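These are the residues of each chain, in order.
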Amino acid sequence: ARYVAAFRKGLNETGYVEGQNVAIEYHWLEGHYDRLPALMADLVRRRVAVIASLGSAPAVLAAKAATTTIPIVFGVGGGPVQLGLVASLARPGGNATGINFLNTEVVAKRLQLLHDLVPNAVRVAVLVNPANASTAESNLREIQEAAPTLGLQFQILNASAIGEIDAAFATLARERPDALFVTGDAFFVSRRAQFITLTARERIPAAYAVRDYVEAGGLMSYGTDLADAFHQVGVYTGSILKGAKPADLPVLQSTKFEFVINRTTAKALGLTIPAGVLSIADEVIE
């Protein structure tokens, strides 16, 4: 709800109010990426004015594959050029533009902060969603580079469905790594309550990409302030509705990042948060 409100706020700033002069049709994938081709084909058939996709690279790629004419406004965590969404950040050159919220670029920093919180950790489990292939691959590349410099070993676990998350935690229960690193993925965010329940049961400290997990009881998150990114997608969507062309709107990059810690969860895990870590946290949830 917070992110939808931020998107609407961006629309409002350009003169569009839902239910008055613009209609918004919401679609929630909840990890079912197989629905995307049919969904995008339907949107193209009905000639919607704009397709706005926030936080899901597979959805943006499906939209891009479905139409070269309907404007697309995206929020993605990976590089838009590398994903093939735009020709360049300054000159997108096609029917898509938006914001890169740099999920991949902050992976190493998030791993560093997890290490600072759990300095005795040596073995870290990394959970990825293989159905979100581009995000999974880019995150793993960053982890492969960063882990050795921190003296960390890592093992990769995969999950693309609710049952597979349970199966991944069954593996954690057997192998007992020192910490868990959950990569950025919209499906994972939708299952945050499941993650919080399972990490509490297994008593394993975990790092996440967005604050939603920490508000629900997770240990820590570091990443883009997604509300700010959703707001910008709303602004660009409104600008396009007013006549701007995606090709003329440069791709933006997030400038607001947040490090959030849940002190209650840290205490439950028996962790003492170092003063230096507390001092750089943007928010500490009691």
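Residues numbered from 1 in each chain as written. Predicted model: local features only at pLDDT ≥ 70, side-chain atom pairs only at ≥ 80, totals over all residues. Heavy atoms only, no water.

1. So, the environment of Leu111
Selection rule: What counts as a helix is a DSSP run of H or I of at least four residues, what counts as a strand is a run of E of at least two, and both are numbered from the N terminus. In this description, contact between two residues means that some pair of their heavy atoms is separated by no more than 4.5 Å.
Structurally, Leu111 is set in helix H4 (residues 107-117). Linking Leu111 and Ser239, residues 128 residues apart in sequence, is a C-alpha distance of 37 Å. In contact with Leu111, other than residues within four places in its own chain, are Ala146, Ala147, Leu150, Leu152 and Phe181.

2. Digging into the sheet that holds strand S1 (residues 51-54)
Heads up, the condition is: Only strands that DSSP links by at least two bridges are regarded as paired with each other.
Spatial ordering of the open sheet is given by S1-S2-S3-S9, a layout of 4 strands whose pairing is parallel. The open sheet has two edge strands, S1 and strand S9 (252-253), and neither has a second partner. The pairing of strand S2 (residues 72-76) with strand S3 (residues 96-100) spans 5 bridges and is classified as parallel. By the bridge assignment, Phe74 is partnered in S3 with Gly98.

3. What about the pairing of strand S8 (residues 220-224)?
The following threshold applies: Only protein chains enter the accessibility calculation, which uses a 1.4 Å probe; a residue whose area is less than 20% of its type maximum is buried, one above 50% is exposed, and one in between is partly exposed. Handedness rule for crossovers: strands pointing away from the viewer, path from the first strand over the helix to the second running clockwise, crossover right-handed.
Taken across its 5 residues, S8 has 5 buried, putting it largely inside the fold. Once the chain exits strand S7 (residues 206-208) it traverses helix H9 (residues 211-216) before rejoining the sheet at S8, and the crossover so formed is right-handed. Taken together, the 5 bridges between S8 and strand S10 (residues 257-262) define a ladder with antiparallel strand orientation. For Met220, the partnering residue across the bridge sits in S10 and is Ile261.

4. Description of the pattern of salt bridges
The test is simple: Think of a salt bridge as a Lys or Arg side-chain nitrogen and an Asp or Glu carboxyl oxygen that are within 4 Å of each other.
Summed over the entire model, instances satisfying the criterion amount to 12 salt bridges. Among the ionic pairs, Glu202 bridges to Arg176, the shortest N-O distance being 3.0 Å. One end of the pair, Glu202, is in helix H8 (residues 192-202); the other, Arg176, is in the loop between helix H6 (162-175) and strand S6 (179-182), with 26 residues separating them in the sequence. Residue classification places Arg176 among the partly exposed positions, given a relative accessible area of 41%. Residue Arg211 is joined to Glu283 by a salt bridge in which the shortest nitrogen-to-oxygen separation is 2.6 Å. Within this pair, whereas Arg211 is found in helix H9, its partner Glu283 is found in strand S11 (residues 283-285), the two being separated by 72 residues in sequence.

5. Re the nonpolar core
Filter applied, for reference: Here, nonpolar core means buried Ala, Val, Leu, Ile, Met, Phe, Trp, Tyr and Cys residues that are tied together by side-chain atoms lying within 4.5 Å of each other.
Among the nonpolar cores identified, the biggest contains 61 residues, and Leu180, Phe188 and Phe195 are the most heavily contacted of them. By residue number, the principal contributor to this core is helix H10 (residues 226-241), which donates 7 residues. If you look at the next biggest cluster of nonpolar residues, it comprises 32 residues, including Val106, Ala146, Ala147 and Tyr222.

6. Points about the pairing of S1
Successive residues of a regular strand alternate their side chains across the two faces of the sheet. The two faces of S1 differ: Ile51 and Ser53 on one face are buried, but Ala52 and Leu54 on the other face are not. Pairing analysis gives 4 bridges linking S1 to S2, with the strands arranged parallel. The residue bridging Ile51 from the neighbouring strand is Ile72, located in S2.

7. Here's the deal with the sheet that holds S10
Formally: An axis is simply a line fitted to the C-alpha atoms; with a helix, the fit covers only the stretch in contact. Between two such axes, the angle follows the N-to-C directions and lies from 0 to 180 degrees.
Taken in spatial order, the 7 strands make up an open sheet running S5-S4-S6-S7-S8-S10-S11, and their pairing is mixed. Two strands bound the open sheet, and with one partner strand each, they are strand S5 (153-158) and S11. Going from strand to strand, the sheet's axes swing by 20° on average, the running direction of each strand aside. Note that strand S4 (residues 123-128) and S5 share 6 bridges and pair parallel. Residue pairing across strands places Arg123 opposite Gln153, the latter belonging to S5. Its contacts with the sheet put H8 on S4, S6 and S7, and the angle it makes with S7 is roughly 160°.

8. Quick notes on helix H1 (residues 2-13)
Given 3.6 residues per turn, any residue in an α-helix points the same way as the ones three and four places further on. How we decide: Any helix carries an expected span of 1.5 Å times its number of residues minus one. This arc describes the spread of directions from the helix axis toward the C-beta atoms.
Its 12 residues place the ends of H1 17 Å apart at the C-alpha level, agreeing with the 16 Å of an ideal helix rising 1.5 Å per residue. Among the residues of H1, Tyr3, Val4, Ala6, Phe7, Gly10 and Leu11 are the ones counted as buried. Looking straight down H1, one finds that the buried residues subtend no more than 160° of arc, so they occupy a single side. Packed against the buried residues of H1 are S1, H9 and H10. Positive phi appears at Gly15, one or two residues downstream of H1, with a value of about 100°.

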